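Descriptive structure summary
Spelled out from the first residue to the last, the chains are:
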Amino acid sequence: MGAERWSLVIGLLLTTSLRAQVSTNQTTTGWCSPAITNVTGNVTVTCNGVSPQALEVLNRQLVKKDETLQQKIREANLWAQKYIALQRDLTLRETDTDQARRAAEALERGDFDAAEAVLNDLLEKQTQKIAATQFSIGGVQELEGKLDLAVNSYEHAYRNEPNRCQYAFGYATLLMRRGQNADAATVYKDYLSRARELAVEDPSEWLPNVGAAVANLGIAYANLGRFKDAEVASDEAISVGRKLVQQSPEYRVDLAFELSNRGSLYRRAGLTKQATTAYQESIALLRAVARTKPAIGEPSLAGVLTNLASLWTEANLDSRAEQPLTECLAIYKRLAVSDPPHYLE
């Protein structure tokens, strides 16, 4: 998603504030929703497919973050995706099924330390297929917020089975979260060398993954100051996004974020006309989303409107900046009703 999404992939428990900086690509709608909000800004979320005990772990992390409600919901969605994928991988394991079952049960009851201990004990005894266990350990550590440990576990899994796309993507995405852009770019390129071929064979399964990875690759290049490489990656990400929107309108938000990323890339380069075109297309998509799904569309729309207004102000086009600022202010007033601590500042 967009440059403003240094949110992620994706991210990976990333924020969703829309700013004119680079962010990580992740699709994050559908899993979680707020259960309770109060005037202090704290939020309790509930997520489909996540046990109440595991949700307590998530909510303890969220309460420590000074973020908007929308940002916390996005982080919760990413966390839930990771949790559900990890549970699925443990449940479907064809070897070491007893230990995998016990680790899954520990996750279910919210005892992440116990799950990690079971998997570490299994790893010490294994002589083959250790990468799967290393990746699962990394997943538990990431859910706990132990990112230094998680990145090491993911790296071991990736080095042991470099052809396993799941390991490459998980490792690269966490590297992005930690700001290790050069390393992330290397791993994303390796991932894409295989994922593009798989997308030809099975586009419904692999094309969204290619879009996410190439978008994040472009973000890594932008953060490294490699404008031309970032532009090429952005071209591919937008092309993939357009194909996905043709398949399902649910991908409009992802395409909007990538177009906003493009706008921010051009803004950095001082290309006002090109940045304006990208931001305006992103805004048009987000307006359409906001009409039917305001909780998803409006916060993102406000962010891109702010970026467009800032772009025009920087270019001494103050008279043009008034309209997006006015629209943005109206959105923030509506958002302040549900989340006053952050939107009334």
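Heads up: the structure comes first, above all this text.
Residues numbered from 1 in each chain as written. Predicted model: local features only at pLDDT ≥ 70, side-chain atom pairs only at ≥ 80, totals over all residues. Heavy atoms only, no water.

All right, on to the packing of aromatic side chains then. Under the counting rule described, the total for this entry stands at eight aromatic pairs. Ring centres 5.7 Å apart and planes at 10 degrees place the aromatic pair Trp79 and Tyr83 in the stacked group. Here Trp79 pairs with Tyr83, and both are found in helix α2 (residues 69-91), just four residues apart, close to one helical turn. Overall, Tyr83 belongs to the buried group, its relative accessible area being 1%. A centroid spacing of 4.8 Å and a plane angle of 35 degrees characterise the contact between Phe135 and Tyr154, whose relative ring orientation is tilted. Of this pair, Phe135 sits in helix α5 (residues 130-144) while Tyr154 sits in helix α6 (residues 147-160); the two residues are 19 residues apart in sequence, bridging distant segments of the chain. This pair shows no difference in class: Phe135 is buried, exactly as Tyr154 is. Grouping aromatic residues by their ring pairs yields a cluster made of Trp79, Tyr83 and Phe112. Its guanidinium or amino end placed over the ring of Trp312, Arg320 lies 4.1 Å from that ring's centre, counting from NZ or CZ. (Phe/Tyr/Trp six-rings, centres within 6.5 Å; stacked < 30°, edge-to-face > 60°. Helix = DSSP H or I, 4+ residues; strand = E, 2+ residues; numbered from the N terminus. Buried < 20%, exposed > 50% of the residue type's maximum accessible area, 1.4 Å probe, protein only. Lys NZ or Arg CZ within 6 Å of the ring centre and 35° of its normal.)

What follows covers the pattern of salt bridges. According to the stated counting rule, one finds 25 salt bridges in the structure shown. Taking the shortest distance from any N to any O, the salt bridge between Asp113 and Lys146 comes out at 3.4 Å. Taken together, the positions of Asp113 in helix α4 (residues 112-125) and Lys146 in the loop between α5 and α6 put the pair 33 residues apart, joining distant regions of the chain. Measuring nitrogen to oxygen at the nearest pair gives 3.8 Å for the salt bridge that ties Glu231 to Lys228. Here Glu231 and its partner Lys228 are both found in helix α10 (residues 227-247), three residues apart, which amounts to about one turn of the helix. (Salt bridge = Lys/Arg side-chain N within 4 Å of Asp/Glu carboxyl O.)

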